[in-house]
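# Reading the structure
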Amino acid sequence: MFDQLEIIENRYDQLTELLSDPDVVSDPDKLRKYSKEQSEIQETVEVFRIYKEHLDTIEESKEMLTETDDSEMIEMLEEEIASSEDELPKLEERLRILIIPKDPNDDKNVIIEIRGAAGGDEAQIFAGDLFRMYSRYAENKGWRTEVVEASDSDHGGYKEISFMIQGNGAFSKLKFENGAHRVQRVPETESGGRIHTSTATVAVLPEVEDVEVNIRNEDIKIDTYRSSGAGGQHVNTTDSAVRITHLPTGTVVTSQDEKSQIKNRERAMKVLKARVYDMMQQEAHAEYAEKRKSAVGTGDRSERIRTYNYPQNRVTDHRIGLTIQKLDQIIDGNLDEVIEALAIEEQTSKLAALSNETI
């Protein structure tokens with residue numbers, strides 16, 4: 001790991017020189033690229049330099065101990081050595097975390113798809129609750145939410161809803177939400193007060209750039225129609241809604257939230273690229289069907305990553321055995337405590353894979 005950190009530090013110094021190069025300063029693309037790369041490794045370099053300073057302090061203090069008989073000086077030097085030696089393990093642990101390979105999608109915007117699953121009307125109402133939870137979480141982070149496609153339920157909530165959340169690092173936080181979510185509560189329509197169990201599925205996809213997935217014009221079919229649907233009456237008399245079909249995979253995306261056909265087409269293409277990219281990534285590991293099923297599941301009540309128990313104001317994430325008695329806060333968008341616990345678990349798992357490496 002020490003050699004790896006030296007390489008990172010050397011690259012940081014190289015980037016510092018590049019960012020002062022007139023040719024780079026005059027090129028916005030290069031300037032943005034190098035600035036972003038340097039920013040990503042800055043903390044690692046700063047911590048590594050502090051680590052090396054402590055090593056130097058220990059070495060210099062030990063050398064000075066051999067050259068003095070002064071009792072006060074000896075005491076001071078021994079304290080400096082002990083203090084630096086205490087800091088080294090903490091810094092080593094932090095450095096191990098900082099050099100963990102980063103998910104290349106972490107900085108991207110996300111596309112989230114929620115569908116009511118097992119439980120009928122209550123599942124669709126719960127899908128609406130989850131949408132509001134993620135919308136409020138995004139709002140708390142200063143991110144923007146845009147609905148791409150929504151199919152309303154007759155009793156509130158959504159049969160399904162697709163939306164984008166735009167914000168730096170959105171995928172790094174929300175990727176843990178992928179899976180089946182279970183709710184346990186007494187429905188408003190339940191006169192007998194019986195606790196009902198239902199589920200909604202959540203799929204989280206990173207927004208992808210054009211360079212990451214190439215969708216040819218000849219591979220897509222684009223249909224336009226009235227936002228209100230076939231035969232409906234709507235103040236918008238133009239065919240603004242868009243349906244795009246990716247012929248090779250059969251993937252279909254629709255968007256009708258905007259009054260502009262151009263904007264609906266742009267949103268639909270973003271979702272289509274994300275879905276096709278997700279499919280390509282899964283197929284690259286020869287496990288697309290199995291992984292997609294395990295990630296989102298069928299929505300059956302026995303499949304869940306998290307349970308929201310309203311009578312006990314309790315949320316349990318079954319993947320890490322985390323239970324929090326703050327359902328009212330979490331469903332209102334205060335997801336940080338859950339997401340941070342999941343992120344720590346991910347880091348721990350990755351550290352285990354690097355356990356044989358030492359400084």
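Residues numbered from 1 in each chain as written. Predicted model: local features only at pLDDT ≥ 70, side-chain atom pairs only at ≥ 80, totals over all residues. Heavy atoms only, no water.

As annotated in an unreviewed UniProt entry, the protein carries the name Peptide chain release factor 1 and is attributed to Jeotgalicoccus meleagridis. Looking at the Function (unreviewed entry) heading of the UniProt record, one finds this comment for the protein: "Peptide chain release factor 1 directs the termination of translation in response to the peptide chain termination codons UAG and UAA." (UniProt positions renumbered as here; feature names shortened; annotations may be inferred.)

### What about helix α1 (residues 2–18)?
In a regular helix each residue adds 1.5 Å, so 17 residues correspond to 24 Å; α1 covers 24 Å between its end C-alpha atoms and thus fits that length. Taken residue by residue, α1 has Leu5, Ile8, Glu9, Tyr12 and Leu15 as its buried positions. Burial along α1 is one-sided: seen end-on, the buried residues are contained in an arc of 120 degrees. Turned more than 90 degrees away from the buried face of α1, the exposed residues are Asp3, Ile7 and Glu17. Of the surrounding elements, those touching the buried residues of α1 are α3 (28–65) and α4 (71–98). (Helix = DSSP H or I, 4+ residues; strand = E, 2+ residues; numbered from the N terminus. Expected span 1.5 Å × (residues − 1). Buried < 20%, exposed > 50% of the residue type's maximum accessible area, 1.4 Å probe, protein only. Arc of directions from axis to C-beta. Contact = heavy atoms within 4.5 Å.)

### With respect to a negative patch on the surface
On the surface, Asp69, Asp70, Glu72, Glu75, Glu78, Glu79 and Glu80 cluster together to form a negatively charged patch. Inspection of the secondary structure assignment puts Glu78 in helix α4. On the basis of relative accessibility, which here comes to 48%, the residue Glu78 falls in the partly exposed class. (Patch = residues over 30% accessible without salt bridge, like charges linked within 9 Å, V, L, I, M, F, W, Y side chains within 5 Å. Areas by Shrake-Rupley, 256 points an atom, 1.4 Å probe, with all protein chains shown as cover. Salt bridge = Lys/Arg side-chain N within 4 Å of Asp/Glu carboxyl O. Lys, Arg positive; Asp, Glu negative; His and termini not counted. Charge placed at Lys NZ, Arg CZ, Asp CG, Glu CD.)

### Some words on the sheet that holds strand β1 (residues 110–116)
The pairing of strands in a sheet comes from backbone hydrogen bonds and takes either a parallel or an antiparallel form. Judged by pairing direction, the sheet is mixed, and its 8 strands sit side by side in the order β2-β3-β1-β5-β4-β9-β10-β11 without closing on themselves. Of all the strands in the sheet, just β2 (144–152) and β11 (322–324) have a single pairing partner and so form its edges. Here the strands of the sheet are splayed against their neighbours by 15 degrees on average, with no regard to which way each runs. With 7 bridges connecting them, strand β4 (residues 179–185) and strand β5 (residues 196–206) associate as antiparallel partners. Bridging across to β5, Gly179 finds its partner in Val202. Sitting on the sheet, helix α5 (residues 121–141) touches β1, β2, β3 (158–166), β4, β5 and β9 (306–309), and the angle it makes with β5 is about 45 degrees. (Pairing = 2+ DSSP bridges. Axes fitted to C-alpha atoms, helices over the stretch in contact; angles between N-to-C directions.)

### A few points about the packing of aromatic side chains
In this description, a pair of aromatic rings is defined by centroid distance and the angle of the planes. Within the structure shown, the criterion is met by 4 aromatic pairs. Between Phe126 and Tyr308, the aromatic rings sit 5.4 Å apart at their centres with planes inclined by 65 degrees, giving edge-to-face as the arrangement. With Phe126 in helix α5 and Tyr308 in strand β9, this residue pair connects regions lying 182 residues apart in the sequence. Using a relative accessible area of 0% as the deciding quantity, one classes Tyr308 as buried. Ring pairs connect the aromatic residues Phe131, Tyr158 and Phe163, which therefore count as one cluster. Across the ring face of Tyr310, the terminal group of Arg185 is positioned such that the distance to the ring centre comes to 4.7 Å. (Phe/Tyr/Trp six-rings, centres within 6.5 Å; stacked < 30°, edge-to-face > 60°. Lys NZ or Arg CZ within 6 Å of the ring centre and 35° of its normal.)

### Overview of the nonpolar core
Residues Ile112, Ile114, Leu130, Tyr134, Ile165, Leu174 and Tyr308 are the most contacted members of the largest nonpolar core, which totals 35 residues. Here the element with the most residues in this core is α5; it accounts for 8 residues. Among residues more than four places away in sequence, those in contact with Tyr308 are Phe126, Leu130, Met133, His181, Arg182, Val183, Gln184, Arg314, Val315, Leu327 and Ile331. Within the second largest apolar cluster, 19 residues are counted, among which are Leu5, Val24, Phe48 and Ile99. (Core = buried A, V, L, I, M, F, W, Y, C linked by side-chain atoms within 4.5 Å.)

### Comments concerning the pattern of salt bridges
Counted under the stated rule, the structure contains 29 salt bridges. Among the ionic pairs, Glu9 bridges to Arg49, the shortest N-O distance being 2.8 Å. With Glu9 in helix α1 and Arg49 in helix α3, this residue pair connects regions lying 40 residues apart in the sequence. We classify Glu9 as buried; its relative accessible area is 9%. Note that Asp317 and Arg306 form a salt bridge whose closest N and O atoms lie 3.1 Å from each other. Placement of the pair is Asp317 in strand β10 (residues 314–317) and Arg306 in strand β9, with a sequence separation of 11 residues.

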